[in-house]
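Examination of the molecular architecture
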Amino acid sequence: ANLKVDEAIKYRQSAYTFMAWNMGRIRANTEGELSRDEVVKAANAIAAIANSGLGSLFVPGSDQGKGWIETRAKSEIFTDGAGVGKVAMRFNQEANAMAAIAGTGDAAALKAQLGKLGATCKSCHDNYRAKA
Ligand code: ASC
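This section reports on the structure supplied with the text. Bear in mind the structure is a predicted one, so any value in this text is a computation, not a measurement. (Residues numbered from 1 in each chain as written. Predicted model: local features only at pLDDT ≥ 70, side-chain atom pairs only at ≥ 80, totals over all residues. Heavy atoms only, no water.)

**Notes on the overall build of the protein**
Scanning the protein for helices and strands turns up 5 helices and 0 strands. Traced from its N-terminal end to its C-terminal end, the protein shows the element sequence α-α-α-α-α. Its C-alpha radius of gyration of 16 Å places the protein within 12% of the 14 Å reference for a compact globule of 132 residues. With the C-alpha coordinates aligned to their principal axes, the bounding extent of the protein is approximately 45 × 30 × 25 Å. When burial is assessed residue by residue, the protein has 33% of its 132 residues classed as buried. In the protein, of all internal contacts separated by at least 6 residues, the share reaching a separation of at least 24 is 65%. As displayed, the protein has an accessible area near 7600 Å², and 56% of this comes from carbon and sulfur atoms. The centroid of the 17 positive side-chain charges in the protein is displaced by 2 Å from the centroid of its 13 negative side-chain charges. (Helix = DSSP H or I, 4+ residues; strand = E, 2+ residues; numbered from the N terminus. Rg over C-alpha atoms; globule rule 2.2 N^0.38 Å. Buried < 20%, exposed > 50% of the residue type's maximum accessible area, 1.4 Å probe, protein only. Contact = heavy atoms within 4.5 Å. Areas by Shrake-Rupley, 256 points an atom, 1.4 Å probe, with all protein chains shown as cover. Lys, Arg positive; Asp, Glu negative; His and termini not counted. Charge placed at Lys NZ, Arg CZ, Asp CG, Glu CD.)

Next comes the structure, spelled out in structure tokens:
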């Protein structure tokens, strides 16, 4: 409650940065580096963040260009609730699916799921994140 806008932006950016590290760990495994145990840890970390309710860090008005710390969050995030909800739900589902298969050792399934999960990240970037 009463999260300051700058704090909310920092918290959400840290969550995405941490997920990027874990996506990279899963990718490293598909490329022959890192053990299955590391994949399980990485997938669980991503799923935990996906399930953490981080949507509430997009506090109203915390879009770019409003004088806050640097953010690329487009104003559409705050006006297109239905679209954001859809991609957020797909992200959640794919993150949970990733956690479910991470320990199976099925390399093809892992690679396919990494693609599906990454596609939800990209979908949000394409629509709701300003170009760098
Ligand atoms: C990643 C990562 C993203 C997404 C995106 C997918 O590993 O850090 O932001 O996947 O690149 O296109």
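Anyway, onward from the coordinates.
**As for the pattern of salt bridges**
Two side chains bearing opposite charge may form a pair once their charged atoms approach each other closely. If you walk through the whole model with that rule in mind, you get 4 salt bridges. For the salt bridge of D63 with K66, the shortest nitrogen-to-oxygen distance reads 2.8 Å. (Salt bridge = Lys/Arg side-chain N within 4 Å of Asp/Glu carboxyl O.)

**Describing the packing of helix α1 (residues 5-30) against helix α5 (residues 107-128)**
Relative orientation of the contacting elements α1 and α5 amounts to 150 degrees, with a least axis distance of 10 Å. Between α1 and α5, the angle falls in the class roughly antiparallel. Considering only the axes of α1 and α5, their crossing is left-handed. From α1, M23, I26, R27, N29 and T30 reach across to α5, where they touch L110, K111, L114, L117 and G118. Taken together, the residues that form the contact of α1 with α5 break down as 5 nonpolar, 3 polar and 2 charged. (Axes fitted to C-alpha atoms, helices over the stretch in contact; angles between N-to-C directions. Parallel < 35°, antiparallel > 145°, perpendicular 65-115°, else oblique. Left-handed = near helix turned anticlockwise from the far one by under 90°. Nonpolar A, V, L, I, M, F, W, Y, C, P; charged D, E, K, R; others polar.)

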